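Below, each chain spelled out in residue letters.
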Amino acid sequence: MGFIIIKVTYPNSKEANKAISHLLKKKLISSANSIPIKSASFWTGEITEGNELMVLFNTRKENWEKVKSEVKKMHSYKIPCIAKIDAEANEEYESWIKRETE
C-alpha cells in the first residue's frame, strides 16, 4: 500500500501550526510532526543561516497534489521546500492513515 511523508520547512511555530491545523481539518493529512532545525542556504547571493521548523506531514499518495497546493497557498516563503518522500510502515499504521484522510 504505502503512503507519503511531505517535508515542509516553516519560519516559526505559529505558521507551522496554522498549516497543520488547516490540513488536519480538511482531512488531507492524518498527522504531522514538527522538529526544530538549524538551516543554512544560499539565498539572494549570500549564505543565510537561521532557525526553522521542519514539519513532516503523513498522508495517502493520492493527496500529494492537494497538500502541495494548500501549503503553497498558505506559506510565507517565496520558494518553500515541499518535498515528497515515499514511505512504508506497518499495515495498521498505513490503514489508519487511509481512514483518517478519507
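Quick caveat, the model's predicted, so the values are computed rather than measured.

**Q** Would you explain the overall build of the chain in this entry?
**A** Helix and strand counts for the chain come out as three helices and four strands. Counting from the amino terminus, helix and strand elements in the chain follow one another as β-α-β-β-α-β-α. Expected size for 102 residues packed as a compact globule is a radius of gyration near 13 Å; at 14 Å, the chain falls within 12% of this value. For the chain, buried positions account for 37% of its 102 residues. Considering only residue pairs separated by 6 or more positions, the chain has 75% of its internal contacts joining residues 24 or more positions apart. With the model as given, the accessible surface of the chain reaches about 6,500 Å², and the carbon-plus-sulfur share is 52%. Within the chain, the 14 negative side-chain charges are centred at a point lying 7 Å from the centre of the 17 positive side-chain charges.

**Q** Just to check I follow, could you spell out the nonpolar core for this structure?
**A** Here is a general trend for soluble globular proteins: nonpolar side chains tend to be buried in one another's company. Within the largest apolar cluster, 17 residues are counted, with the highest numbers of intra-cluster contacts made by I6, V8, Y10, L23, F57, V67 and V71. Elements with a contribution of two residues or more to this core: β1 (3–10), α1 (13–25), β3 (46–59) and α2 (64–74). When residues no more than four places from it in sequence are discounted, the contact partners of V8 are L53, M54, V55, F57, V71, H75, C81 and I82.

**Q** Just to check I follow, could you spell out the pattern of salt bridges for this structure?
**A** When the charged atoms of two side chains lie near each other, side chains of opposite charge can form a pair. Tallying each qualifying case throughout the model produces four salt bridges. In this structure, E100 engages K27 in a salt bridge whose closest nitrogen and oxygen atoms are separated by 3.9 Å. Placement of E100 in helix α3 (residues 91–100) and of K27 in the loop between α1 and β2 (31–43) is noted, with a sequence separation of 73 residues between them. Its salt-bridge partner being K73, residue E70 comes within 3.0 Å of it at the nearest N-O pair. Taken together, the residues span about one helical turn, with E70 and K73 both in helix α2 at a distance of three residues. The exposure class assigned to K73 is exposed, which follows from its relative accessible area of 61%.

**Q** I tried to follow the side chain of H75 on my own but got confused; where do I start?
**A** The residue H75 is located in the loop between α2 and β4 (82–87) in this model. Overall, the relative accessible area of 9% leaves H75 in the buried class. Only 2.7 Å separates the side chain of H75 from the backbone oxygen of T9, close enough to count as a polar contact. A distance of 3.5 Å separates polar atoms of two side chains, one belonging to H75 and the other to E15. Excluding its chain neighbours within four sequence positions, the residues that come into contact with H75 are V8, T9, Y10, P11, E15 and P80.

What counts, and at which threshold
Residues numbered from 1 in each chain as written. Predicted model: local features only at pLDDT ≥ 70, side-chain atom pairs only at ≥ 80, totals over all residues. Heavy atoms only, no water. Helix = DSSP H or I, 4+ residues; strand = E, 2+ residues; numbered from the N terminus. Rg over C-alpha atoms; globule rule 2.2 N^0.38 Å. Buried < 20%, exposed > 50% of the residue type's maximum accessible area, 1.4 Å probe, protein only. Contact = heavy atoms within 4.5 Å. Areas by Shrake-Rupley, 256 points an atom, 1.4 Å probe, with all protein chains shown as cover. Lys, Arg positive; Asp, Glu negative; His and termini not counted. Charge placed at Lys NZ, Arg CZ, Asp CG, Glu CD. Core = buried A, V, L, I, M, F, W, Y, C linked by side-chain atoms within 4.5 Å. Salt bridge = Lys/Arg side-chain N within 4 Å of Asp/Glu carboxyl O. Polar contact = N/O pair within 3.5 Å; in protein donor to acceptor, adjacent residues only side chain to side chain.

As far as function goes, none of this settles anything; it's purely spatial.
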